[in-house]
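Chain and residue survey
Here's the letter readout for the chains.
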Amino acid sequence: MRIIDAHHHLWAPQSPDLDVGYVWLKDIGAPKPFGDPTPIQRDYLLDEFLSESVQNCLTASVHVQADPKLPDPVAETAFIQNISDVSGHPIMIVAFADLASRAFTDQLAGHKAHANLRGIRQIVSHLSDHPELSFAPCNYLDDPTWRLQFACLADHGLSFDLQLYPEQMGQAAEFLADYPQIPVVIDHLGSPYDMSARGMEVWRNGMRTLSELPHVAVKLSGYAMFFGSDLSGAAVWVTQEILALFGADRVMFGSNFPVDKLHQTYPDLVAFVHEQAGTDAEQVFSRTAAAFYRI
């Protein structure tokens, strides 16, 4: 089966000649919201990534920024562009830029010098009452500068990868409704971190609100972040809800490797999503990502 993996990472914290200034990858064992990162705080490069999917035909992929604390996020984009150019494997790039900073304009200009740039991600996942789960230091959706510079993405033909928590979805939908010209994709299933009945209700209501915006899509990615090694029960329900709310033409597969490698194998993830997608598998595994990221 042909696959476009719409969400993965490559990095090289152990190789001085390839290191672009990684921060969390060198902070060995420091807890992350997805658990103990120690096993993946090492070099993870294209050959290893391609070997994960050797049973399938990985025709292209999308690299998503891996560290918002890089001293120069453009260095990561240049690193990935070079890997793609040298290997011949098409890797589209979703880069980091700080939309709340004065540096945003310069960062964006640097990223745009690279042919495979397709979008920007700045994680907005923030829970004021759960700082241990927050990826963002504040709710960027409240920041006037962040909101103003988000609008600039339309002028550059760029998409936005949106990683947020269900409690933020209503506010995000209200904001995004004003920017239908900016394609947006929700990362990691909409982060269903709360598996209680109440938590699932908040998640579903938020996802339904976002699904009403035609320019918003979803990635079936990040399963291990929320379900560990268990691809049953809640994982099935969440996946089926996403497919029902958004339709296969707005849903794409992403492995989130090597993060999901902490609890899942690539073949198991592919088999699970293939089973859930059924007759829409080709759409979910390649067509949606090809259209969204202009591959």
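Our subject is the structure that appears above.
The present account deals with the structure reproduced in this document. None of these values were measured; they are calculated from a predicted model.

**Brief notes about helix α2 (residues 73-87)**
Given 3.6 residues per turn, any residue in an α-helix points the same way as the ones three and four places further on. Compared with an ideal rise of 1.5 Å per residue, which puts 15 residues at 21 Å, α2 spans 22 Å between its outermost C-alpha atoms and is within 8% of the ideal. Listed in full, the buried residues belonging to α2 are P73, V74, E76, T77, F79, I80, Q81, I83 and S84. Looking at the buried residues of α2, the elements they touch are α1 (46-52), β2 (57-64), β3 (91-95) and α3 (104-111). Two residues or fewer after α2 comes G88, characterised by a positive phi angle close to 85 degrees.

**Brief notes about the sheet that holds β2**
Spatially, the eight strands line up as an open sheet ordered β1-β2-β3-β4-β5-β6-β7-β8, and their pairing is parallel. Two strands in the sheet have a free side with no partner beyond their single neighbour: β1 (2-8) and β8 (251-253). Each strand axis lies, on average, 25 degrees off the axis of its neighbour in the sheet, ignoring direction. Pairing of strand β5 (residues 159-162) with strand β6 (residues 184-186), which is carried by three bridges, proceeds in the parallel orientation. Each bridged residue has a counterpart across the sheet, and for F160 the counterpart in β6 is V184. Against the sheet, α2 touches β2 and β3, its axis set at about 175 degrees to β3. Along the sheet, helix α8 (residues 234-246) contacts β6, β7 (216-220) and β8; its crossing angle with β7, the most-contacted strand, is approximately 155 degrees.

**Considerations on the pairing of β5**
Side-chain alternation along β5 places S159 and D161 on one buried face and F160 and L162 on a second face that is also buried. In this sheet, β5 lies alongside strand β4 (residues 117-121) in parallel orientation, the contact comprising three bridges. Bridge pairing in β5 places R121 opposite D161. Each parallel crossover has a hand, and the one from β4 via helix α4 (residues 144-150) to β5 is right-handed. With helix α5 (residues 169-176) bridging β5 and its parallel neighbour β6, the resulting β-α-β unit is right-handed.

**Remarks on the packing of aromatic side chains**
Summed over the entire model, instances satisfying the criterion amount to 19 aromatic pairs. Taken together, a centroid distance of 5.0 Å and an interplanar angle of 70 degrees make the contact between Y165 and Y193 edge-to-face. Of this pair, Y165 sits in the loop between β5 and α5 while Y193 sits in the loop between β6 and α6 (197-211), and the two are 28 residues apart along the sequence. Feature note: the residues Y140, W146, F150, F160, F175 and Y179 constitute an aromatic cluster, connected by ring pairs.

Conventions and cut-offs
- Residues numbered from 1 in each chain as written.
- Predicted model: local features only at pLDDT ≥ 70, side-chain atom pairs only at ≥ 80, totals over all residues.
- Heavy atoms only, no water.
- Helix = DSSP H or I, 4+ residues; strand = E, 2+ residues; numbered from the N terminus.
- Expected span 1.5 Å × (residues − 1).
- Buried < 20%, exposed > 50% of the residue type's maximum accessible area, 1.4 Å probe, protein only.
- Contact = heavy atoms within 4.5 Å.
- Pairing = 2+ DSSP bridges.
- Axes fitted to C-alpha atoms, helices over the stretch in contact; angles between N-to-C directions.
- Right-handed = clockwise from strand over helix to strand, strands pointing away.
- Phe/Tyr/Trp six-rings, centres within 6.5 Å; stacked < 30°, edge-to-face > 60°.

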